[in-house]
Amino acid sequence: GAVVSQHPSWVICKSGTSVKIECRSLDFQATTMFWYRQFPKQSLMLMATSNEGSKATYEQGVEKDKFLINHASLTLSTLTVTSAHPEDSSFYICSARSTVHWGNEQFFGPGTRLTVL
Amino acid sequence: GENVEQHPSTLSVQEGDSAVIKCTYSDSASNYFPWYKQELGKRPQLIIDIRSNVGEKKDQRIAVTLNKTAKHFSLHITETQPEDSAVYFCAASANAGKSTFGDGTTLTVKP
C-alpha cells in the first residue's frame, strides 16, 4: 500500500505558541488529504478536507483561523495550530487519498501527539 | 450528512471464539465501507473493506458483510487471538467524499 508520513511524531509546546504539523505522501500523489483529531478513547473526528491548490474545507465547529491548513503540492499538506491552548492537546492524524488509483481508500499517517502546557 | 453508528462499544471474547461488530449508516449514497484496527497510540490500519457492489468479502479470519437495503455492515473475526485486541472502527463514504467513522469498538481477546 501507499505510505504517508507525518512530522513531528510528538511535540510539546507552551500555551500561546503555534505548532506546524506536516503530512507527506511518500510514494504517490494525493488528490486529497484529510486532517483528523482524536481525543483519548474517542473516534477520529474530521477537522478538514484539503485539496491541492485550493482552500481547505473545514467541518462545522472547527475554527479555520486557528487550524490553518496549507496544501501546497500533491505530496504535502500542513496543519498549523495557532495560539495553542491546553484544550488543543490531542492526537492529530492526517490521511491521503488518490481516487485515480485507489478510489475512496485512505492511507493514514502515524499521527502527531500534541501536548500544550 | 452521513451518520454511522457502531455496536458494541466494548467486546470481550475468549481466545478462539468469534467476534462480531456491527455498523449502520444513514446515507444511501455511501458505497465504500472500510474497517480499521487501531492500537494504542498508532495509526488506524485498514484490515478489510467492501464496496457496495458486493455483499460479502473474506480475508483469512476476517470477513465483512454488507446489507445495502438495511444499511448495515458487519465485521466478523473468527478464531480470535490475543493480538486481535485493539480498537476497531467502521467507516462509510460515498464517491470521492469524506469518510464518517463509527465511535469504535474496544475488542479484548482473553487468553
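So, a few notes on the structure that sits alongside this text. Every chain's residues receive numbers from 1 upward, in the order its sequence appears when written. Following the order in which they are written, the chains are lettered starting with A and the ligands numbered starting with 1. Where local features are concerned, this predicted model is filtered to residues with pLDDT of at least 70; where side-chain atom pairs are given and counted, the filter is 80 or more; whole-chain, interface and lining totals use all residues. Only hydrogens and water are set aside when side-chain values are computed; all heavy atoms of the structure are taken into account.

**Details of the interface of chain A and chain B**
Working step 1: Counting residues at the interface gives 22 residues for chain A, matched by 21 residues for chain B.
Working step 2: Buried area, as used here, totals the accessible surface that two parts lose on assembly, with accessibility defined by a 1.4 Å probe and the loss added over both. When chain A packs against chain B, close to 1,500 Å² is buried across both sides, 49% of that on carbon and sulfur atoms.
Working step 3: On the chain A side of the interface with chain B, the three residues burying the most area are Ser43(A), Asn104(A) and Phe108(A), jointly 34% of the side's total.
Working step 4: Salt bridge, as used here: a side-chain nitrogen of Lys or Arg that lies within 4 Å of a carboxyl oxygen of Asp or Glu. With a shortest N-O distance of 2.8 Å, Lys98(B) and Glu59(A) are connected by a salt bridge.
Working step 5: The definition of a polar contact used here is a pair of N or O atoms within 3.5 Å, where within protein one atom must be able to donate a hydrogen and the other to accept one, and adjacent residues in sequence count solely through side-chain atom pairs. Between chain A and chain B we count 9 residue pairs in polar contact (both at pLDDT 80 or more) in total.
Working step 6: Secondary structure is summarised from DSSP: a helix means a run of H or I of at least four residues, a strand means a run of E of at least two, and numbering begins at the N terminus for each. Those elements that place two or more of their residues in the side of chain A that touches chain B are β4 (32-38), β5 (45-51), β9 (90-97) and α1 (99-102) of chain A.
Working step 7: Of the residues in the side of chain A that touches chain B, the class split is 10 nonpolar, 8 polar and 4 charged. Any two residues having at least one pair of non-hydrogen atoms within 4.5 Å are treated as being in contact. Note on residue categories: nonpolar means Ala, Val, Leu, Ile, Met, Phe, Trp, Tyr, Cys or Pro, charged means Asp, Glu, Lys or Arg, and polar means any other residue, Gly included.

**Considerations on unusual backbone geometry**
Working step 1: Residue Pro8(A) is reached from His7(A) by a cis peptide bond, and omega for that bond is 0 degrees.
Working step 2: Inspection of the secondary structure puts Pro8(A) in the loop between β1 (4-7) and β2 (10-13).
Working step 3: Omega for the peptide link from His7(B) to Pro8(B) comes to -5 degrees, which places this bond in the cis form.
Working step 4: Positionally, Pro8(B) belongs in the loop between β1 (4-7) and β2 (10-14).
Working step 5: Here Ser83(A), not a glycine, exhibits a phi torsion of approximately 45 degrees, which is positive.
Working step 6: Looking at the element boundaries, Ser83(A) is found in the loop between β8 (76-81) and β9.
Working step 7: Buried residues are those whose accessible area, probed at 1.4 Å on protein chains only, stays under 20% of the maximum for their type, while exposed residues exceed 50% and partly exposed ones sit between those limits. Judged by relative accessible area, Ser83(A) falls into the partly exposed class, the value being 35%.

**Regarding the sheet that holds β8(A)**
Sheets are built from strands that pair by backbone hydrogen bonding, the pairs being arranged parallel or antiparallel.
All names here are of chain A.
Working step 1: Spatially, β1-β3-β8-β7 is the arrangement adopted by the 4 strands of the open sheet, whose pairing is antiparallel. At either end of the open sheet lies a strand with only one pairing partner, and these are β1 and β7 (67-73). The average undirected angle you get between the axes of adjacent strands in this sheet is 15 degrees.
Working step 2: Should DSSP find at least two bridges between two strands, the strands are regarded as paired. Note: β1 against strand β3 (residues 19-25), 4 bridges, orientation antiparallel. Bridge pairing in β3 places Gln6 opposite Cys23. Angles shown run from 0 to 180 degrees and are taken between the N-to-C directions of axes, each axis being a line fitted to C-alpha atoms and, for helices, limited to the stretch in contact.

**Some details on the packing of aromatic side chains**
For any pair of aromatic rings, the description consists of the separation of the ring centres together with the inter-plane angle of the planes.
Working step 1: When the centres of two rings from Phe, Tyr and Trp lie within 6.5 Å, Trp using its six-membered ring, the rings pair. Their planes under 30 degrees apart give stacked, over 60 give edge-to-face, and anything left gives tilted. Considering all chains together, one arrives at 12 aromatic pairs over all chains under this definition.
Working step 2: Note on Phe34(A) and Tyr36(A): the rings are 6.4 Å apart at their centroids and 40 degrees apart in plane angle, and the pair reads as tilted.
Working step 3: Residue classification places Phe34(A) among the buried positions, given a relative accessible area of 1%.
Working step 4: For the pair Tyr25(B) and Phe33(B), a centre-to-centre distance of 4.7 Å together with 45 degrees between the ring planes defines the contact as tilted.

**Looking at the sheet that holds strand β6 (residues 56-59) of chain B**
Residue and element names in this part refer to chain B.
Working step 1: Pairing in this open sheet of 5 strands is antiparallel, and the strands run β1-β3-β8-β7-β6 from one edge to the other. Edge positions in the sheet fall to β1 and β6, since each has one partner strand and no second. In this sheet, neighbouring strand axes are inclined to one another by 15 degrees on average, regardless of whether the strands run parallel or antiparallel.
Working step 2: Of the strand pairs in this sheet, β1 and strand β3 (residues 19-25) are connected by 4 bridges, and their pairing is antiparallel. Residue pairing across strands places Val4 opposite Tyr25, the latter belonging to β3.

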